[in-house]
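Coordinate analysis (summary)
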Amino acid sequence: MVSLLLIAKDKKFLLLKRTDNGHKFSGYWGLPGGSVEKDETPLDAVIREVKEEIGLDIPNVKLLNTYKYPHGVINVYVYNSTDFDPTKIVLNDEHTEWKMCTYSEIYHMKNIIPTTIAYTAEFLSNPNF
C-alpha cells in the first residue's frame, strides 16, 4: 500500500523529480509519498513520507481517493492551501528537484509518472476541494 500527497496552491501542484537510481520511474516527476509501513495508517504514512521527502509538516490533509491497481493500493491525499510555502522545501536524497506546475504543464510532461495526471485531473474535477 502506498500513500501520496497532492499539494495544491493557486492551481499549481508540487512535483518532485525522483533521483536516477535505477528503480521504477527513476528520473521521473511525481507526487511526494511512499509505502505504508507495518502498523501505520495510510494517513500516518503520507504525513511521515512528506516530512522525510520535503522536510515539512503538512496539516489538514483530506483523502481524494483510494485507487486499486493489480500491483497494489494507492491512497491519494490532498493539501489545498494558499498558505503552502514551497520555498521552505528541503529535499532528501530521494529527489533532485521540485517545481510547482499547472495541470496543463503536468499533462504535457514527457517524464511524469502517468497516474499523476489522473490524480490532478480528479482533484480539479472534484467540487469538494
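The following paragraphs examine the structure supplied in this document. Bear in mind that the values here come from a model prediction, so they are computed numbers and not experimental data.

Some details on the packing of aromatic side chains
Applying the stated criterion across every chain, the model contains six aromatic pairs. Centre to centre, the rings of Y67 and Y119 are 4.6 Å apart; their planes meet at 40°, and the pair counts as tilted. In this pair, Y67 sits in strand 5 (residues 62–69) while Y119 sits in helix 3 (residues 114–125), placing the two residues 52 residues apart along the sequence. Residue classification places Y119 among the buried positions, given a relative accessible area of 1%. With centroids separated by 6.0 Å and ring planes inclined at 40°, the aromatic side chains of Y103 and Y107 adopt a geometry described as tilted. Of this pair, Y103 and Y107 both sit in helix 2 (residues 103–108), separated by four residues, roughly a single helical turn. Given a relative accessible area of 26%, Y103 falls into the partly exposed group. Judged by relative accessible area, which is 48%, Y107 ranks as partly exposed. The side chain of K99 reaches across the aromatic face of W29, ending 4.4 Å from its centre.

Points about the pairing of strand 5
Where strand 5 lies against strand 6 (residues 72–80), seven bridges are found, and the strand directions are antiparallel. What sits directly across from Y69, in strand 6, is G72. As consecutive antiparallel partners, strand 5 and strand 6 are separated by two residues.

Quick word on the nonpolar core
With 19 residues, the main nonpolar core has L6 and L15 as its most contacted residues. Listed by contribution, the elements that provide at least two residues to this core are strand 1 (2–9), strand 2 (12–18), strand 5, strand 6 and helix 3. Excluding residues that lie within four positions of it along the chain, L15 makes contacts with W29, G30, L31, E97, W98, K99, C101, I106, M109, I112 and T116. In this structure, I54, Y79, I89 and M100 belong to the second largest nonpolar core, which totals 15 residues.

The rules behind the values
Residues numbered from 1 in each chain as written. Predicted model: local features only at pLDDT ≥ 70, side-chain atom pairs only at ≥ 80, totals over all residues. Heavy atoms only, no water. Phe/Tyr/Trp six-rings, centres within 6.5 Å; stacked < 30°, edge-to-face > 60°. Helix = DSSP H or I, 4+ residues; strand = E, 2+ residues; numbered from the N terminus. Buried < 20%, exposed > 50% of the residue type's maximum accessible area, 1.4 Å probe, protein only. Lys NZ or Arg CZ within 6 Å of the ring centre and 35° of its normal. Pairing = 2+ DSSP bridges. Core = buried A, V, L, I, M, F, W, Y, C linked by side-chain atoms within 4.5 Å. Contact = heavy atoms within 4.5 Å.

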